[in-house]
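A structural walkthrough
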Amino acid sequence: MTKTGYIQLYIANKLIDGYLKCGSLSNARKVFDKLRERHVVIWNAMISAYIGRKKSKEAIGLYGKMMFDGVLLDEYTFSSVFKAFSGIGLVHEGRRAHGLSVVLGLEVANVFVGSAIVDMYAKFGRMGDARLVANRVGEKDVVLYTALIVGYSQHGDDGEALEVFVDMINHGVKANEYTFASILITCGNLEDLNNGKLVHGPVVKSGCEAAVASQTSLLTMYARCGLVDDSLRIFKRIQHPTVVTWTSLIVALVRNGREELALTKFKEMIRDSVVPNSFTLSSVIQACSNLAMLDEGQQIHATVTKFGLDGHIYAGAALIILYGKCGNTEMARSVFDDLIETDLVSMNSMIYSYAQSGFGHQALKIFDGMKDLRLEPNDVTILSVLLACKNSGLVQQGCKFFSTIRNNHSIELTRDHYACMVELLGRAGRLEDAEILIKEVKKSRFSRDGGSRVLLTNLYASTGNWSQVIDMKSTMREMQFKKNPAMSWVDVDREVHIFMAGDLSHPRSGEITKTLEKLFEEVQILGYVPDTRFVLQDLDEDKKKRSLYYHSEKLAIAFALLRSSKKNTIIRIFKNLKVCGDCHSWIKFVTKVTGREIIARDAKRFHHFKDGCCSCGDYW
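A brief look at the structure comes next. (Residues numbered from 1 in each chain as written. Predicted model: local features only at pLDDT ≥ 70, side-chain atom pairs only at ≥ 80, totals over all residues. Heavy atoms only, no water.)

1. Thoughts on the overall build of the protein
Using the following cut-off: Note on conventions: DSSP H or I runs of at least 4 residues are helices, E runs of at least 2 residues are strands, and numbering of each starts at the N terminus. Burial classification: accessible surface area is computed with a 1.4 Å probe over protein chains only, and a residue below 20% of its type maximum counts as buried, one above 50% as exposed, and the rest as partly exposed. Surface accessibility in these figures is a Shrake-Rupley result with a 1.4 Å probe; residues are shielded only by whichever protein chains are displayed.
Helix and strand content of the protein: 32 helices and six strands. If one aligns the C-alpha atoms of the protein with their principal axes, the spans along those axes are about 105 × 55 × 50 Å. Per-residue burial for the protein yields a buried fraction of 49% across its 620 residues. For the protein, the exposed surface amounts to about 31000 Å²; the carbon and sulfur share of it is 52%.

Below, the structure is given as structure tokens:
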């Protein structure tokens, strides 16, 4: 091997090829480094091997050495090295290599190189450059078109992706399974069922429907268009679903409000010995969050730990949201602290968890930490910080933060941001400031939204300004706004029971009413007095008191107490709107009478009731 000559070079090349085929890259490199002469084919083989093993830096190092040694680069060199540049985000170096390929006449004349350049720019997110290169390539093939379609789809320009696909068909280029998989995802993103069905036809005719990639994309497309049953039918036809397919189905079910079925499918996946990834687990945890199923969520957390994914950013963020939604901020913070790295999503999740439970100062401290990490806040961050200030009575901090955001023209405030700020001001008794802000919103593009008008109506009602309430409700009727009816629900023995205000249609309503009457007698002895200020209707005093008896949260708690006699069992109820002040007071008394702990999650935050006190400190 130390001698020179054709035979020795030939043997060395064979040795390198053999080592690479056996996966021994280090031995191949040792032989490679000993060669005095190296053919371009061997250079390309080594570069390709490094890229195949996700060692882009080493591949680029060889590429540089190759140029230094004066080796003439060919189309295989460029097609490989462009992948390396995009793999580690070296935009400037990628553009230089692109320039060299132009000088060598390989960009336009060689579709192999042209496709690699398009793919590189697409992965850099430079779709304008990708399109320019694609337009210059003479004979475009399916690989080039697919790279362009994938690039547009992954960067949110699904309309352009669809146009490229149509152009490809018009030029007589046949799609492959990867093209179909990408364009089906595009149709799903656009919720374009008609084009999705039009693509489904050629998928079947081309024989690609049996391919897992196509089946997974078909499943996703129909789910994103709201046809979950069609997605389930496609899934049943897949003989050996991969973890990607299982995950796509679970994501689809959660996205369409079929969380319980998503959990069932996850259990089937585990029984089939398919190992979940972080995306699978984060979706299953989201299902538990949406259902507020803490026990089930904790079991999934154990599975996350078992597979060593508890420090992973996706699963971690989902766990933070789960524990936050279930009111367990200590566990949420524990997960947050164990993350290997933190990003905007995990930061937002932790801020929101603290905000929901009224820990405003802790939420603001996390927000300050974002600045240290140079993470730019988005609309979720802004809403979470405002919610934290509102739920903790941090009026000054909330006003200062809101003013800063309003003066930052790179951030666009939404209706939800204004609504949160209005409630912060209203709760602090600054009704005039709240009304000014609502009038400002009415002049903006949110003017046809009913949320602000509902807020203002409630503010007027709480101060007894009934003439203004009538005017506001009249305006809302004319604009056909509808306010969601109040409802509460409780999970007893894994069965969810829903209650609406004044609704006595439950099969056990007679027992619920008796339980309520007994509770009212006992809490009144302790000093509870119905607070009719929270009846936002112009009724006489007796009718106001009577209407308070049958608020949805009271019905849910009475039923939960009726069904569970164990003193150490925590009662967890959920409400779609904000808990009213009278119910809040009543629940505190109920915890003293029954000795039970009650956790109530409303639309805004958590309330932990125990021994006659609430975690919110009576500020919510």
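2. Here we look at the pairing of strand 3 (residues 571-575)
Rules: Only strands that DSSP links by at least two bridges are regarded as paired with each other.
Of all five residues that make up strand 3, four are buried, and the element is covered over most of its length. Where strand 1 (residues 487-492) lies against strand 3, three bridges are found, and the strand directions are antiparallel. Bridging across to strand 3, Val490 finds its partner in Ile573. With four bridges joining them, strand 3 and strand 4 (residues 598-601) adopt parallel strand pairing. Within strand 4, the residue paired with Arg572 across the bridge is Ile599.

3. Remarks on the environment of Leu219
Which entries qualify depends on this criterion: By definition, residues are in contact when any of their heavy atoms lie within 4.5 Å.
Looking at where Leu219 falls in the secondary structure, it is placed in helix 13 (residues 212-224). You can call Leu219 buried: its relative accessible area is 0%. As a C-alpha pair, Leu219 and Thr245 span 26 residues in sequence and 8.5 Å in three-dimensional space. Not counting chain neighbours up to four residues away, the residues in contact with Leu219 comprise Ser231, Ile234, Phe235, Thr245, Ser248, Leu249 and Ala252.

4. Some thoughts on the nonpolar core
This is how it is decided: Residue types Ala, Val, Leu, Ile, Met, Phe, Trp, Tyr and Cys, when buried and joined through side-chain atoms within 4.5 Å, form a set referred to as a nonpolar core.
Judged by nonpolar contacts, the single largest core of 140 residues is most densely connected at Ile16, Met46, Phe82 and Phe85. When near neighbours in sequence (up to four residues on either side) are disregarded, Ile16 contacts Ala28, Val31, Phe32, Leu35, Ile42 and Met46. Counting 29 residues, the second-largest nonpolar core is a separate cluster that includes Phe499, Leu519, Tyr549 and Ile571.

5. Re the sheet that holds strand 2 (residues 495-500)
The pairing of strands in a sheet comes from backbone hydrogen bonds and takes either a parallel or an antiparallel form. Our working definition: Orientation is described by axes fitted as lines to C-alpha atoms, over the contacting stretch for helices, and by angles from 0 to 180 degrees between their N-to-C directions.
The strand order across the open sheet built from six strands is 2-1-3-4-5-6, with neighbouring strands paired in mixed fashion. Looking at the sheet topology across the chains shown, the edges are occupied by strand 2 and strand 6 (613-614). Helix 31 (residues 552-563) contacts strand 1, strand 2, strand 3 and strand 4 of the sheet and is inclined by roughly 15 degrees relative to strand 1.

6. Observations regarding helix 30 (residues 541-549)
Every α-helix carries 3.6 residues per turn, so stepping three or four residues along brings you back to the same face. Note the cut-off: Taking the helix axis as origin, the arc is that swept by the directions to the C-beta atoms.
For helix 30, the full list of buried residues reads Lys544, Leu548 and Tyr549. Down the axis of helix 30, the buried side of the element spans an arc of 150 degrees, and every buried residue falls inside it. Of the exposed residues in helix 30, those oriented more than 90 degrees away from the buried face are Asp542 and Lys543.

7. What to know about the packing of helix 11 (residues 177-190) against helix 12 (residues 193-205)
The line we're drawing: Any angle that is under 35 degrees is reported as roughly parallel, and any over 145 degrees as roughly antiparallel; angles of 65 to 115 degrees are reported as roughly perpendicular and all others as oblique. Left-handed describes a crossing in which the near helix is turned anticlockwise from the far one by less than a right angle; the clockwise case is right-handed.
Across the interface, helix 11 lies against helix 12 with an axial gap of 9 Å and an inter-helix angle of 165 degrees. When the axis of helix 11 is compared with that of helix 12, the two are roughly antiparallel. Considering the relative orientation of helix 11 and helix 12, their crossing is left-handed. In this structure, helix 11 contributes Phe180, Ile183, Leu184 and Cys187 to the contact, and helix 12 contributes Asn195, Gly196, Val199, Pro202 and Val203.

8. With respect to a negative patch on the surface
The cut-off we apply is this: Patch construction takes residues with relative accessible area above 30% that form no salt bridge. Like charges are linked within 9 Å, and nonpolar side chains (Val, Leu, Ile, Met, Phe, Trp, Tyr) are linked within 5 Å. By salt bridge we mean one thing: a side-chain nitrogen of Lys or Arg within 4 Å of a carboxyl oxygen of Asp or Glu. Working convention for charge: Lys and Arg count positive, Asp and Glu count negative, and His plus the chain ends are omitted. Throughout, a charge is located at the NZ atom of Lys, the CZ atom of Arg, the CG atom of Asp or the CD atom of Glu.
On the surface, Glu260, Asp295, Asp491 and Glu495 cluster together into a negatively charged patch. Among the secondary structure elements, Glu260 is positioned in helix 16 (residues 259-271). Residue Glu260 is classed as exposed on the basis of its relative accessible area of 52%.

9. Overview of the layout of surface pockets
Over the atoms rolls a probe the size of a water molecule, and in doing so it shows where empty space is left. Put simply, the rule is: Only protein atoms enter the 1 Å grid used here, on which a cavity is any set of points holding a 1.4 Å probe that cannot leave and a pocket is any open set flanked by protein within 12 Å on both sides along at least five of seven lines; residues with an atom within 4 Å of a point are listed as lining. Grid points are joined across faces, edges and corners, and a volume is the space filled by probe spheres set on the points. Amino acid classes used here: Ala, Val, Leu, Ile, Met, Phe, Trp, Tyr, Cys and Pro are nonpolar; Asp, Glu, Lys and Arg are charged; the rest, including Gly, are polar.
As a volume, the second largest pocket reaches approximately 1400 Å³. In terms of lining, the second largest pocket is formed by 45 residues, of which the most central are Arg224, Thr247, Val251, Phe279 and Ser283. The element contributing the most residues to the lining of the second largest pocket is helix 15 (residues 243-255), with seven residues. Tallied by class, residues from the lining of the second largest pocket come to 20 nonpolar, 19 polar and six charged.

10. With respect to the packing of helix 13 against helix 15
Think of two packed helices as two axes; the pair is described by the angle between the axes and how far apart they sit. Their axes nearest at 9 Å, the elements helix 13 and helix 15 cross at an angle of 0 degrees. As judged from the angle between their axes, helix 13 and helix 15 are roughly parallel. Across the interface between the two elements, Val212, Thr216, Leu219, Thr220, Ala223 and Arg224 from helix 13 touch Val244, Thr245, Ser248, Leu249, Ala252 and Arg255 from helix 15.

11. Here we look at helix 31
Selection criterion: Helix span, expected: 1.5 Å multiplied by one less than the number of residues in the helix.
The first and last C-alpha atoms of helix 31 sit 17 Å apart over 12 residues, in line with the 16 Å expected at 1.5 Å per residue. Most of helix 31 sits out of view: 10 of its 12 residues are buried.

12. Concerning the side chain of His497
Rules: Polar contact is defined as a pair of N or O atoms within 3.5 Å, subject to the rule that within protein one atom must be able to donate a hydrogen and the other to accept it, and that residues adjacent in sequence are counted only when both atoms are side-chain atoms.
Within the fold, His497 resides in strand 2. Within the structure, the side chain of His497 is placed 3.1 Å from the side chain of His506, a separation counted as a polar contact. When sequence neighbours within four positions are dropped, the list of residues in contact with His497 reads Ser488, Trp489, Val490, Val492, His506, Phe559 and Arg563.

13. A look at a nonpolar patch on the surface
Taken together, the side chains of Tyr10, Ile11 and Leu15 present a nonpolar region at the surface, about 270 Å² in accessible area. Tracing the backbone through its elements, the reader meets Ile11 in helix 1 (residues 6-21).

14. Concerning unusual backbone geometry
At Ser273, a residue that is not glycine, the phi angle is positive and equals roughly 65 degrees. Tracing the backbone shows Ser273 in the loop between helix 16 and helix 17 (278-291). Owing to a relative accessible area of 64%, Ser273 belongs among the exposed residues under this scheme. One non-glycine residue with positive phi stands out, namely Asp611, at about 55 degrees.

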